[in-house]
Amino acid sequence: MLGIVKAKGAVLYDEDGKEYVDGISSWYTCMYGHCNDFIIERVYAQMQKLDQVVFSGFTHEPAVALSEALMQVLPANQERLFFSDNGSTATEIGIKMALQYHHNRGKKRSVLLAFEDGFHGDTFGAMSVSGLSVYNGPFEDYFIDVKRIPVPTNENIDSIIDQLINDIDLDTIAGFIYEPLIQGAAAMKMHDAVGLEKILALVKSKGVLAIADEVMTGFGKTGKHFASDYLEVKPDIICMSKALTAGLVPMAITSCTQEVYDAFYSDEIAKGLFHGHTYTANPLACTAALAGLELLVSDEIQENITRIIQWHQDFDAEIKDHPKVSATRQTGIIYALDLNVQMERYGNLRDRLFQHFMDSGVFLRPLGNTIYISAPYVTTKAQMDKIYTSIKAVLEFL
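These remarks concern the structure in this document. (Residues numbered from 1 in each chain as written. Predicted model: local features only at pLDDT ≥ 70, side-chain atom pairs only at ≥ 80, totals over all residues. Heavy atoms only, no water.)

A short note on the overall build of the protein chain
Keep this limit in mind: Elements are defined by DSSP. Helices are runs of H or I of four residues or more, strands are runs of E of two residues or more, and each kind is numbered from the N terminus. The globule rule is 2.2 Å times the number of residues to the power 0.38, and the radius of gyration it is compared with is taken over C-alpha atoms. Contacts are assigned to residue pairs that have any heavy atoms within 4.5 Å of one another. To be clear on the numbers: accessible area is Shrake-Rupley with a 1.4 Å probe, and residue cover counts the displayed protein chains and nothing else. Charged residues are defined here as Lys and Arg on the positive side and Asp and Glu on the negative side; His and the ends of the chain fall outside this count. Lysine's charge is taken at NZ, arginine's at CZ, aspartate's at CG and glutamate's at CD.
Counting its regular elements, the protein chain contains 13 helices and 16 strands. Since a compact globule built from 398 residues should have a radius of gyration of about 21 Å, the 21 Å found for the protein chain is in line with a globular shape. Considered along the principal axes of its C-alpha atoms, the protein chain spans approximately 65 × 55 × 40 Å. Look at the contacts in the protein chain between residues 6 or more apart in sequence, and 71% of them connect residues 24 or more apart. For the protein chain, the accessible area works out to roughly 17,300 Å², and carbon and sulfur atoms hold 51% of it. Charge separation in the protein chain, taken as the distance between the mean sites of 33 positive and 51 negative side-chain charges, equals 1 Å.

As structure tokens, this is what we get:
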């Protein structure tokens, strides 16, 4: 284990003083850079007034202000927010919302629909809908019932629609949970927005709630505020975390439509969504999130996002035809390439790649033969070039 003692902007510093460009924003969280002065100053000021209070029977100004600001950037159909602690619980709550929504309305729908190779977190509901057994194998006997479909492409969308119509009883499906456009843990596997829209339109027409897991994709990484902004058919529920609080402290939010909310609004206490966390809507986390949102919509950050997208496109033009590169793909500031070599997801060759990047002063975490970049929006051209140079070096020594 390597000791990291300091971080600033796009750079990590270890205990020996060596610098590493954080090419993955520490798992897609620190999108405005580490120890961002604007965010830190806001949170420090909040610490002088209110640090923590239970979000049960109480509310507070940071939660209200964040809620109002978040409504300005979420898809227009999202009208209610449920606070929690992290990405796994954001999706867990989305799953519980879908199941209980139908239960509260007197309908028996106990099955969920999900994509193959998806990843939605490490709690039990989230594991149930995740398709990567490398993480979930010992627990699969205890999971919720889930039906899986492939991610859509131009070639397979007709067969997926046929499968949904003829092979899956959609009247038993409570919700369809999906990572819109990009499956992060599946090695940044990207899928077709047009095909996803067709799937969403079909399942929603059958009363299935659409649950967009935007824990990884949210807050600007796809080039829009949310990946769902690329689609006309909007989700009923959106799960958010990671960059929500700019990487400073954990927090999550699950949003939903008024229709979903209304299924829980009742004088019958049993119809309420019983899911509470001690640090739900923590005032410091809410303050960090609000500051992050102000940065997200600023001209400076939007211009930075545009620049990074162009840098990736230029880099792609340079390396996509290299014989050691089998495929490349990009959505927004997320860029991925597949090496034309066989290797295990976690194996010796992958570990050699990781060590090469660290020796080069670059923090990247290859997923098998996939190398991906999701660097902070404040990354400079020189820092991004350092990432690109370290990748090009891999192509020469493999």
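Details of the sheet that holds strand β2 (residues 11-14)
What counts is decided by this rule: Strands pair, by our definition, only if DSSP identifies at least two bridges between them.
The strand order across the open sheet formed by four strands is β1-β2-β3-β15, and the pairing between neighbours is mixed. Every other strand in the sheet has two partners, leaving β1 (4-8) and β15 (362-363) as the edge strands with one partner each.

Some details on the packing of helix α11 (residues 299-319) against helix α13 (residues 381-397)
Using the following cut-off: Each axis is a line fitted through C-alpha atoms, and for a helix only the stretch in contact is used; angles between axes span 0 to 180 degrees, taken between their N-to-C directions. Roughly parallel refers to an angle under 35 degrees, roughly antiparallel to one over 145, roughly perpendicular to one between 65 and 115, and oblique to any angle outside these ranges. The sense of a crossing depends on the near helix, which, turned anticlockwise from the far helix by less than a right angle, makes the crossing left-handed and, turned clockwise, makes it right-handed. Any residue outside Ala, Val, Leu, Ile, Met, Phe, Trp, Tyr, Cys, Pro, Asp, Glu, Lys and Arg is labelled polar, Gly included; the first ten of those are nonpolar and the last four are charged.
For the pair α11 and α13, the least separation of the axes is 11 Å and the interaxial angle reads 25°. Classified by the angle their axes make, α11 and α13 are roughly parallel. The handedness of the crossing between α11 and α13 comes out as right-handed. Seen from α11, the contacting residues are Ile308, Trp311, His312, Phe315, Glu318 and Ile319; seen from α13, they are Lys381, Met384, Tyr388, Ile391, Lys392 and Leu395. Looking at the contact of α11 with α13 residue by residue, the class counts come to eight nonpolar, one polar and three charged.

Brief notes about α11
Helical geometry note: an α-helix holds 3.6 residues per turn, so side chains three or four residues apart project in the same direction. Using the following cut-off: Multiply 1.5 Å by the residue count of a helix minus one, and that product is the helix's expected span. Three labels apply to residues, based on accessible area from a 1.4 Å probe with only protein chains included: buried if under 20% of the type maximum, exposed if over 50%, partly exposed otherwise in between. Each C-beta atom gives one direction from the helix axis, and the arc is the one those directions make.
For α11, built from 21 residues, the straight-helix expectation of 30 Å at 1.5 Å per residue is met to within 8% by its first-to-last C-alpha distance of 31 Å. Regarding α11, the residues found buried are Ile301, Asn304, Ile305, Ile308, Trp311, His312, Phe315, Asp316 and Ile319. Each buried residue of α11 sits inside an arc of 135° when the element is viewed along its axis, so together they form one side. Residues of α11 that are exposed and point more than 90 degrees away from the buried face comprise Asp299, Thr306 and Ala317. If you follow the buried residues of α11, they end up packed against α10 (283-296), β13 (325-331), β14 (334-339), β16 (370-373) and α13.

Details of the sheet that holds β13
Strands in a sheet are paired, the pairing made by backbone hydrogen bonds, and the direction either parallel or antiparallel. Here three strands make up an open sheet; going across it, the order is β13-β14-β16 and the pairing antiparallel. Each edge of the open sheet carries a strand with a single partner, namely β13 and β16. The sheet shows a mean angle of 15° between the axes of neighbouring strands, taken without regard to direction. Relative to β14, β13 runs antiparallel, the two sharing six bridges. Bridging across to β14, Val325 finds its partner in Leu339.

Considering the nonpolar core
Where we set the bar: Grouping buried Ala, Val, Leu, Ile, Met, Phe, Trp, Tyr and Cys residues that are joined through side-chain atoms within 4.5 Å yields what is termed a nonpolar core. Just so you know, the domain bounds were taken from an automatic or database domain assignment.
Judged by nonpolar contacts, the single largest core of 96 residues is most densely connected at Leu164, Phe176, Ile199 and Phe219. For this core, the leading source of residues is α10, giving nine residues. Residue contributions to this core reach at least three from each of two domains, namely domain 1 (4-35 + 300-397) and domain 2 (39-297). Those residues in contact with Phe219 that sit more than four places away from it in its chain are Tyr32, Leu70, His225, Phe226, Met240, Ser241, Ala243, Leu244, Leu293, Leu296 and Tyr377. With 24 residues, the next largest nonpolar core counts Ala90, Ile237, Val260 and Leu273 among its residues.

Here's the deal with the pattern of salt bridges
The test is simple: By salt bridge we mean one thing: a side-chain nitrogen of Lys or Arg within 4 Å of a carboxyl oxygen of Asp or Glu.
Tallied over the entire structure, the rule returns nine salt bridges. Its salt-bridge partner being Arg350, residue Asp351 comes within 3.3 Å of it at the nearest N-O pair.

Details of the packing of helix α2 (residues 37-47) against α10
Two numbers describe how α2 lies on α10: the axes approach to 9 Å, and their chain directions differ by 150°. Accordingly, the angle class assigned to the pair α2 and α10 is roughly antiparallel. When the axes of α2 and α10 are compared, the crossing they make is right-handed. Two secondary-structure elements touch here, α2 through Phe38, Ile39, Arg42, Val43, Gln46 and Met47 and α10 through Pro283, Leu284, Thr287, Ala288, Ala291, Gly292, Glu294 and Leu295. Residues of the contact of α2 with α10, tallied by class, amount to nine nonpolar, three polar and two charged.

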